[in-house]
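# Breakdown of the fold
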Amino acid sequence: MRNLILLCALAFAGLTQAQSFSNASSLLPNGYNSGNCVGFTDMNNDGYDDIVVLDQSKTIKVLYQDGAGTFEEFDYGDVSSNNQWGMTIGDYDNDGHKDIFAGGAYDGVHVKHIDAVGVFSDFDLDNGSMFMQACNFADIDGDGQLDAFGCHDDALSRMWRGNGTALDYDQELIDLTSYDFSDYPNTDHSGNYGTVFSDFDNDGDIDLTIAKCRQFVNDPFDPRRVNQIWLNNGDGTWSEVAEERGLVLNEQSWTVDYADYDNDGDWDCFLTNHSTTMKLLENDGSGYFTDITDASGLNFSGFALQAKLADFDNDGYVDVLVSGGIHRYFRNNGDGTFTEDNTFSAGDTMHSFALGDVNRDGSMDVYASYGNGYNSPDNGNDDILWVNTGNDNHWIAFDLEGIVSNKDAVGTKVVLTGDFGTMIREVRAGESYGITNTFACMFGLGDHEVIETATIKWPSGMETIIENPAIDQYHNLLEAPCMTSVELSYPSNLTLCPGESIEIAATGDFVSYAWSNGSTEPAIMVGEAGTYSVTAYDADGCAAVSDMVVVDIITEAAPQVQVTGDLTFCAGSSVEFIGPNGDGWSWSNGETTQSIVVTESGVYSLALLDACGNENQSEEFAVVVLDAPDVPVVTVPAAIVADEPFILTSSSETTRWFEEELASEPVHVGLTYETSIAENTTLWVEDIADSGMIQAEGGR
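Read on for an overview of the structure. (Residues numbered from 1 in each chain as written. Predicted model: local features only at pLDDT ≥ 70, side-chain atom pairs only at ≥ 80, totals over all residues. Heavy atoms only, no water.)

## Here we look at the layout of surface pockets
Quick note on the threshold: A cavity here means a set of 1 Å grid points, computed over protein atoms only, where a 1.4 Å probe fits but cannot escape. A pocket is an open set with protein on both sides within 12 Å along at least 5 of 7 lines, and lining residues have an atom within 4 Å of a point. Grid points are joined across faces, edges and corners, and a volume is the space filled by probe spheres set on the points. The numbering of helices and of strands both runs from the N terminus, where a helix is a DSSP run of H or I of at least 4 residues and a strand a run of E of at least 2. For this classification, Asp, Glu, Lys and Arg are treated as charged, while Ala, Val, Leu, Ile, Met, Phe, Trp, Tyr, Cys and Pro are nonpolar and the rest, including Gly, are polar.
The space that makes up the largest pocket amounts to roughly 1000 Å³. The wall of the largest pocket is formed by 48 residues, among which Asn44, Asn45, Asp46, Ser516 and Ser533 lie closest to the centre. Secondary structure elements with two or more residues in the lining of the largest pocket: β29 (394–401), β36 (474–478), β40 (512–515), β41 (523–526), β42 (530–532) and β43 (534–537). Residue contributions to the lining of the largest pocket peak at four residues, all from β36. Class assignment for the residues of the lining of the largest pocket results in 18 nonpolar, 17 polar and 13 charged.

Structure follows, in structure tokens:
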């Protein structure tokens, strides 16, 4: 793989306060152990980011988020018997459910095609024998369908063209050999690691950047370790321009990310490197870059596996999160400098991560892996869901859906203008080194309360402009020339009994409707639990996307009964059963109090009426009361001579004989007991009954 040079990182002083995160792994259905591949994105188009776990680096488990911020797991099975090195997520067939693309070390390139929650099929792509590294979905040819790109460690990277139903191998999407390697005619074009598809020059079409690294290659000019920018010329051809644009470092680069660190409306670049420090490069506005690393405070070193720039504290400036053999988090001070914060503390180094939003509260959350090496899980350190605790800063987010462009809106840019300057975000499917982050474009606004304009620039060339958009909320937008609003009418009670239904209706003057359940009518009748919304169009072609309405159904649930004591006990003892708080208790023995004390054998249960009047039955509890033995009857000889042996005879062969009333151990066990006494003496006896489970003791 790579020669790694690990240097001590510089320490930076600062007075800024870190954004805090809480360990919210209790929200997850189970414990998980990822390697480097992680996803945190809306898989089923319900507006909530889901977590895609490549458990043990082999098994796909999607944790679908509901509106309450909890998750339900669906196991989609193994991708491969080998650990995977790269994974990306996107809806390549535009059916509303994202699919999963992954590959490892020459085990094939695999696709999990998901048709609905829990419904999927598996297939491998042609020409998949490769050493996969980072990978992406992007609409490379601009036809409204996502294509797939896979970095190859050992040779030229590979591409598959999306045609709406399949992914077909097609190296003509980009001619990756169309660059000057005349000084190295025998190159194998290997060393492809981190990739990102981003319109770095803001000319309206998507470009490709590849971070290059090659172990044991010490020549800094060898093309196997020279970063590449493939500039989209807009006519179906691509040109490699990294050197003239300032991205050739002649180092061993690992990942690349584009974000606007200074809010001037262009894409700056952050590169992780294994032979020098990390690098921050400033865009001059036309796609040419200058190294500003030293002045920024980001000149630290180490084995970085992942890196992403995002606004974690919603102050309006993107921060830096790096993980791998090192874990570093730097807060953007807003003046061109960054300050390191020790924000995530788990007792182990964060290995990989993906970013998304739990609860749609506008704060960026982190799903983190604590694996080992490159792609190995660490079963001694589970993944952690770090939920952002938030603050008082304002925010805005955009959840986009393409119509002419791909449904996921991959490649779409959102540009905000206001007193804060110009902010820009982009929808991407696959970033850094095998991670996929939220497709929502999320902006922090700090204390700014007004946005002048929000411009959505779709891959098709269409633009949607919103004047003074409302803040502190998500905007659900379709690819349409203009946007309007739609309100929904529905009852206040959204929790239904089985068999009940309610009407949800769109209000306003619209000519067509597209509901989330497939209906095209102005109103729908809902009798099933789920999240419902509508997209409506008016006569001018303007689109409106409603808020989501969450409907719950009261389902049968067995009452939980607390048991105090053992279910099997001796006569004279008892067990207590305690029902849940509330009222309407009905016990099987006829009692109607919250708790009952049971002293007799039998089967006991509790029935409760739910809000729908349905009787829900608890589990049954079998109580066994053991009979206690009688007190032994002892026969004493008619005459006892001092110091002479004599025999006492009991009525039971299991009699236990004691010389002291409170003694714990008998001096003898049996039907008879031979002893002698010098003076008047008291002895004690008891009997036992062995049930095969516990012993019942009689009187002494």
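So much for the structure itself; the text now carries on.
## Focus on the pairing of strand β16 (residues 228–232)
For clarity, the cut-off: The cut-offs for exposure are 20% and 50% of the maximum accessible area for each residue type, with area from a 1.4 Å probe on protein chains only; residues under the lower value are buried, those over the upper are exposed, and the others partly exposed. We call two strands paired when DSSP finds no fewer than two bridges between them.
β16 sits mainly inside the fold: five of its five residues count as buried. A two-sided burial pattern is seen for β16, the buried positions comprising Gln228, Trp230 and Asn232 on one face and Ile229 and Leu231 on the other. In the sheet, strand β15 (residues 207–212) pairs with β16 via three bridges, with the strands oriented antiparallel. The residue bridging Leu208 from the neighbouring strand is Trp230, located in β16. As judged from the three bridges shared by β16 and strand β17 (residues 238–240), these two strands associate in the antiparallel manner. Within β17, the position partnered with Leu231 by the bridge is Ser239.

## What about the sheet that holds strand β28 (residues 384–388)?
Under the convention used in this document: Helix axes use the C-alpha atoms of the stretch in contact, all axes being lines fitted to C-alpha atoms, and the angles between their N-to-C directions lie in the range 0 to 180 degrees.
The four strands are arranged β1-β28-β27-β26 in an open sheet whose pairing can be described as antiparallel. On the outer flanks of this sheet lie β1 (21–23) and β26 (352–356), each paired with one strand and no other. Neighbour-to-neighbour, the strand axes of the sheet open up by a mean angle of 25 degrees, direction not taken into account. Relative to strand β27 (residues 365–369), β26 runs antiparallel, the two sharing five bridges. Bridging across to β27, Ala354 finds its partner in Tyr367.

## Section: the sheet that holds strand β60 (residues 684–686)
On the basis of which strands lie adjacent, the open sheet formed by three strands has the order β58-β57-β60 and antiparallel pairing. Each having just a single partner strand, β58 (668–669) and β60 make up the two edges of the open sheet. In terms of strand pairing, strand β57 (residues 656–658) meets β60 through three bridges, oriented antiparallel. Counted as the bridge partner of Arg656 is Glu686 from β60.

## Concerning empty space enclosed by the protein
Enumeration according to the criterion identifies four cavities of 30 Å³ or more in this entry. Taken together, 23 residues form the lining of the largest cavity, with Lys308, Leu309, Arg425, Glu426 and Ala440 sitting closest to its centre. For the lining of the largest cavity, the elements supplying multiple residues, two or more each, are β18 (253–259), β22 (304–310), β31 (421–426) and β33 (441–446). Here the residues of the lining of the largest cavity sort into 14 nonpolar, two polar and seven charged.

Nothing here speaks to function; it is all geometry.
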